[in-house]
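Notes for the structure review
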Amino acid sequence: MLSARILDESTTKLRSSGGGKSPKKAPENGKDSSLSPSGQRQLRAQLRAQQLALVREAEMNWYLKLCHLSSEDTTAHITGMPHRNLGKSGLRVSCLGLGTWVTFGGQISDEVAERLMTIAYESGVNLFDTAEVYAAGKAEVILGSIIKKKGWRRSSLVITTKLYWGGKAETERGLSRKHIIEEIVRAMTHVINQGMAMYWGTSRWSAMEIMEAYSVARQFNMIPPVCEQAEYHLFQREKVEVQLPELYHKIGVGAMTWSPLACGIISGKYGNGVPESSRASLKCYQWLKERIVSEEGRKQQNKLKDLSPIAERLGCTLPQLAVAWCLRNEGVSSVLLGSSTPEQLIENLGAIQVLPKMTSHVVNEIDNILRNKPYSKKDYRS
């Protein structure tokens, strides 16, 4: 009854939101004969998105009223941190999250890790990402210890971790994509049914593999994945901008992206070589150093110099522009930040203030400099 009432209220609100203008007669069968086929598709998509937004707003207002709260009491209002649904699931995550790869248990001390988590939490971040393999398990331990020490409500946090390498023995390792996907779906369904997790997703899977996992889940009445973790930044666009949107519309899989600064390349620190204290100077990141000093790496640095005037005009830094550029993609549920100092994290969190400035004109300016925009089938049709 609740869902039906909310849907009815939101539909009424949608129909009456004419801004004082006379309501236009709704097109029959969701079509407007005056529009081209592509225009009709865009119109239907806009109407669905608008109605979905109203349904979510009504659900939130109903919940706040039930708890005797107002919208001013919510974290999003207090901190200014927007929250988005993870794919088409009901899980609400901050549009910026904090990752622990390389940093926790490795590049930074436990004290700095606690400072970073505190800054993130107090800024409205509720999503913290880790993995069993990060720092050989230390990252998970440090993350959990900080949460316990701070006394944060577990219900106010979304913790994501990843399974793959595990121990040395074959029976201690997590399931990989080389195993039968049906086994993975069964294992994740068991984990959720046992209360060890609420949702599951994939990391660095292909669109075909994700679709296969969804099909297996539906065939055997199991639980499908709700998101894919994918690399996404100014120089890595194909998967998030072409493949994942199709999965979102078909099966509701959202995108949780990582490395918005391309492992620090976009930060500007590598403009004049590789600093000794940087990630690329570490022995295990020789591949990153090689990427930076390569011919392609030099071309990327030149493009970053061309982007700097845009950042200056918008009143932000280049890293803030890069993070806001990732967030401007509505198909991205959350962007994971990786910071080694409080100053870096505070700067990157400032991208929230830049997001409203990411107009279509600014995005086109950036595309003209990058010249790497991928084209989907939809682009070819139009």
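Residues numbered from 1 in each chain as written. Predicted model: local features only at pLDDT ≥ 70, side-chain atom pairs only at ≥ 80, totals over all residues. Heavy atoms only, no water.

If you check an unreviewed UniProt entry, the protein chain appears there as Potassium voltage-gated channel subfamily A member regulatory beta subunit 1 from Molossus molossus. The annotation that UniProt attaches to the protein chain under Subcellular location (unreviewed entry) is "Cytoplasm". Recorded in UniProt under Sequence similarities (unreviewed entry), the annotation for the protein chain is "Belongs to the shaker potassium channel beta subunit family." (UniProt positions renumbered as here; feature names shortened; annotations may be inferred.)

Let us now look at the pairing of strand 9 (residues 332–337). With six of six residues buried, strand 9 is to be regarded as a mostly interior element. Of the pairings in the sheet, the one linking strand 8 (residues 254–258) to strand 9 comprises three bridges and is parallel in character. Note that in strand 9 the partner of alanine 255 across the bridge is valine 332. (Buried < 20%, exposed > 50% of the residue type's maximum accessible area, 1.4 Å probe, protein only. Helix = DSSP H or I, 4+ residues; strand = E, 2+ residues; numbered from the N terminus. Pairing = 2+ DSSP bridges.)

The next thing to look at is the pattern of salt bridges. Inspection of every chain in the model, using the stated rule, returns ten salt bridges. Put simply, lysine 149 and glutamate 114 hold a salt bridge, and the shortest N to O gap is 3.0 Å. One end of the pair, lysine 149, is in helix 6 (residues 138–150); the other, glutamate 114, is in helix 5 (residues 110–122), and 35 residues separate them in sequence. The exposure class of lysine 149 is exposed, given its relative accessible area of 61%. Between glutamate 295 and arginine 298 there is a salt bridge, and its shortest N-O distance comes to 2.8 Å. Placement of the pair is glutamate 295 and arginine 298 together in helix 11 (residues 295–314), with a separation of three residues, close to one helical turn. Several salt bridges converge on common partners, so that one network encompasses Arg237, Glu241, Arg328 and Asp367. (Salt bridge = Lys/Arg side-chain N within 4 Å of Asp/Glu carboxyl O.)

Time to look at the nonpolar core. If you look at the biggest cluster of nonpolar residues, it comprises 84 residues, and the most contacted ones within it are Leu96, Phe104 and Ile366. Other than its neighbours up to four places away in sequence, leucine 96 contacts Met81, Val125, Val323, Leu327, Ser334, Val335, Leu337, Asn348, Leu349 and Ile352. (Core = buried A, V, L, I, M, F, W, Y, C linked by side-chain atoms within 4.5 Å. Contact = heavy atoms within 4.5 Å.)

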